[in-house]
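Chain by chain, the residues run as shown.
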Amino acid sequence: MLPFHPTAPDLGLQFFEDLPHDWRTTHEAWNGGKYDHWVPSKGTSTMAFLTRDDLPFHFALADAFTVCDAYHCSFLGPTDPDRYHMWTGWTGNDGKNGGPVLDNAEAGYDFSTYPEVLNAAGISWKADRGRADLTVETIYEPARNTLVLEIHNAGVRVEDLQIDDAYARERTAHRLAPGERLTRRVSLERSFGWYDFTLRVDSDPAFRRQVAGHLETGNDSMSDPLLGR
């Protein structure tokens with residue numbers, strides 16, 4: 001069977017059922033390492049493909065960013081045992097305590113995770129929780145000579161953050177729950193309308209957002225007080 005392009009209208013908006021992920025069909029498709037039984041085992045959708053016209057947004061992402069196309073699961077089967085193997089290196093291959101786990105039954109198992117093994121051995125560990133997902137917006141209120149900072153935690157974890165105010169020479173600490181917003185109003189009277197704020201997050205050393213400039217009100221002002229320092 002050759003690759004084919006489906007003929008449904010508005011193809012990029014259509015629902016295409018995913019291929020099976022179960023133990024049986026996956027091992028049948030694998031066929032002892034020959035990988036030549038995909039269509040008989042997984043169905044004809046195996047050979048379907050979409051074009052740039054069908055998925056312009058996804059193709060734009062692939063053009064702009066690195067695509068990791070050498071991803072391999074550790075288990076030829078469904079999601080749950082693959083995750084068990086990722087966290088424990090084990091899926092109950094000895095047949096004890098509910099193993100081997102070949103499906104997503106989630107019956108409850110006694111496999112110790114890597115963090116649990118390290119804790120039991122008195123070895124400290126740390127998980128890389130990935131990049132922080134915070135958005136920072138500035139709102140200007142010229143009539144009040146005020147800057148409003150709007151910070152939104154769009155991520156899925158609690159974030160501890162610090163805001164450095166270069167003109168006030170102070171740092172404030174805040175904690176934002178997932179989905180929470182922080183609104184901070186700052187008077188720019190003492191800095192003559194100038195501002196310079198830097199936001200950092202404890203969980204992500206690479207995260208740094210800086211907003212700096214001058215609030216124009218149409219009135220006479222002063223040169224940047226930090227010039228020359």
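Residues numbered from 1 in each chain as written. Predicted model: local features only at pLDDT ≥ 70, side-chain atom pairs only at ≥ 80, totals over all residues. Heavy atoms only, no water.

## Quick look at the sheet that holds strand E4 (residues 170-176)
In step 1: Strand order in this open sheet of 4 strands is E4-E3-E6-E7, and the pairing throughout is antiparallel. Edge strands, defined here as strands with exactly one partner in the open sheet, are E4 and strand E7 (204-214). Neighbouring strand axes in the sheet, compared pairwise and without regard to direction, differ in orientation by 20° on average. (Pairing = 2+ DSSP bridges. Helix = DSSP H or I, 4+ residues; strand = E, 2+ residues; numbered from the N terminus. Axes fitted to C-alpha atoms, helices over the stretch in contact; angles between N-to-C directions.)

## Quick notes on the sheet that holds strand E1 (residues 134-141)
Strand pairing in a sheet takes place through backbone hydrogen bonds and is either antiparallel or parallel in direction.
In step 1: Pairing within the open sheet is antiparallel, and its 3 strands lie in the order E1-E2-E5. With one partner strand each, in any of the chains shown, E1 and strand E5 (181-187) form the two edges of the open sheet. Ignoring which end each strand starts from, the neighbouring axes of this sheet average 15° apart.
In step 2: In terms of strand pairing, E1 meets strand E2 (residues 146-153) through 8 bridges, oriented antiparallel.

## Points about the packing of aromatic side chains
In step 1: One pass over the full model with this rule turns up 5 aromatic pairs.
In step 2: Centroid distance Tyr84 to Tyr109: 5.5 Å. Interplanar angle 65°. Geometry classified as edge-to-face. Of this pair, Tyr84 sits in helix H4 (residues 79-88) while Tyr109 sits in the loop between H4 and helix H5 (114-120), and the two are 25 residues apart along the sequence.
In step 3: Residue Tyr109 is classed as partly exposed on the basis of its relative accessible area of 23%.
In step 4: Look at Tyr140 and Tyr195: their rings are 6.1 Å apart centre to centre, the planes differ by 50°, and that puts the pair in the tilted class. (Phe/Tyr/Trp six-rings, centres within 6.5 Å; stacked < 30°, edge-to-face > 60°. Buried < 20%, exposed > 50% of the residue type's maximum accessible area, 1.4 Å probe, protein only.)

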